[in-house]
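# Observations on chain architecture
Single-letter residue listing:
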Amino acid sequence: MATWKRLAVPALACVIGLGATAPARAGELECKMTFNLSGWSVFYQTAEGSGTVHCANGQTMGVHIRVKGGGLTFGKSQISNGVGKFSGISSISEIKGHYADAGVHAGASKSAGARVMTKGNVSLALSGTGKGWDLGVAFGAFIIE
């Protein structure tokens, strides 16, 4: 066997072996967050809450949530047992940070809603039911710490 063939065969075997154990591509980690959030708004919007993130790879993290913003908005609201789904992440540590948020909202008594926000390549889709009343247009940040 020629020298290049004796070297190429083991090299090719190593490359194939590495490919079989390569980690999943970025953005394939499935993580969900359950949360509770309450707040108010009179031109300035603020809310705080807490939640837990669970990922498909077994990682779990407790989080503190803050909502800050402003606009033409009035109200008081509470979300219990909300759900968030993250996409575009490869590690649970990527979920922390400031997500851009903007929306038009109106609700009274019991209501349900959904929202999608982003932080670079990471997206967060929120859904939940709650109680309270609100009316307005707001721009701000959804912050996970």
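Our structure is the block above this text.
These remarks concern the structure in this document.

Rules used throughout
Residues numbered from 1 in each chain as written. Predicted model: local features only at pLDDT ≥ 70, side-chain atom pairs only at ≥ 80, totals over all residues. Heavy atoms only, no water. Helix = DSSP H or I, 4+ residues; strand = E, 2+ residues; numbered from the N terminus. Buried < 20%, exposed > 50% of the residue type's maximum accessible area, 1.4 Å probe, protein only. Areas by Shrake-Rupley, 256 points an atom, 1.4 Å probe, with all protein chains shown as cover. Disulfide = S-S within 2.5 Å. Salt bridge = Lys/Arg side-chain N within 4 Å of Asp/Glu carboxyl O. Patch = residues over 30% accessible without salt bridge, like charges linked within 9 Å, V, L, I, M, F, W, Y side chains within 5 Å. Core = buried A, V, L, I, M, F, W, Y, C linked by side-chain atoms within 4.5 Å. Contact = heavy atoms within 4.5 Å. Phe/Tyr/Trp six-rings, centres within 6.5 Å; stacked < 30°, edge-to-face > 60°. Polar contact = N/O pair within 3.5 Å; in protein donor to acceptor, adjacent residues only side chain to side chain.

### So, the overall build of the protein
Helix and strand counts for the protein come out as 1 helix and 4 strands. Across the protein, helices and strands are ordered from the amino to the carboxyl terminus as α-β-β-β-β. Out of the 145 residues in the protein, the part that is buried amounts to 30%. Of the roughly 8700 Å² that the protein leaves accessible, carbon and sulfur atoms contribute 62%.

### Quick look at the state of the cysteines
A full pass over the atoms with the stated rule returns 1 disulfide. Note on cysteine connectivity: Cys31 is disulfide-linked to Cys55, with sulfurs 2.0 Å apart. Measuring handedness by torsion sign, the sulfur bridge of Cys31 and Cys55 sits at about 105° and is right-handed. Classification of Cys55 by relative accessible area gives buried; the value is 9%.

### Topic: the pattern of salt bridges
Scanning the entire structure with this criterion turns up 1 salt bridge. We note a salt bridge from Glu145 to Arg66, for which the minimum N-O separation is 3.0 Å. Remark: Arg66 occurs in strand β2 (residues 60–87) and Glu145 occurs in the segment after β4 (122–144); sequence separation between them is 79 residues. The partly exposed category is assigned to Glu145, whose relative accessible area is 38%. Accessibility expressed as a relative area gives 22% for Arg66, which makes it partly exposed.

### Things to note about a nonpolar patch on the surface
Judged by side-chain polarity, Trp40, Val42 and Tyr44 come together as a nonpolar surface patch covering roughly 320 Å² of accessible area. Here Tyr44 lies in strand β1 (residues 31–55).

### Describing the nonpolar core
In terms of nonpolar packing, the biggest core is built from 23 residues, with Met33, Phe86 and Phe142 touching the most fellow members. Among the elements that line this core, the one with the most residues is β1, at 7 residues. Apart from residues no more than four positions distant in its own chain, Met33 is found in contact with Thr52, Val53, Val63, Ile65, Gly82, Val83, Gly84, Phe86, Leu124, Leu126, Phe142 and Ile144.

### Notes on the packing of aromatic side chains
The final tally for this structure, using the stated rule, is 1 aromatic pair. Centroid distance Phe86 to Tyr99: 6.4 Å. Interplanar angle 55°. Geometry classified as tilted. In this pair, Phe86 sits in strand β2 while Tyr99 sits in strand β3 (residues 97–119), placing the two residues 13 residues apart along the sequence. Residue class for Phe86 comes out buried when judged on its relative accessible area of 5%. The exposure class assigned to Tyr99 is buried, which follows from its relative accessible area of 1%.

### Focus: the side chain of Thr46
The residue Thr46 is located in strand β1 in this model. Given a relative accessible area of 12%, Thr46 falls into the buried group. Side-chain polar atoms of Thr46 contact the side chain of Lys68, separated by 3.2 Å. Setting aside residues no more than four positions away along its own chain, Thr46 makes contact with Gly39, Trp40, Val67 and Lys68.

### A few points about the environment of Gly130
By the element assignment, Gly130 lies in strand β4. On the accessibility criterion, Gly130 (18% relative accessible area) is buried.

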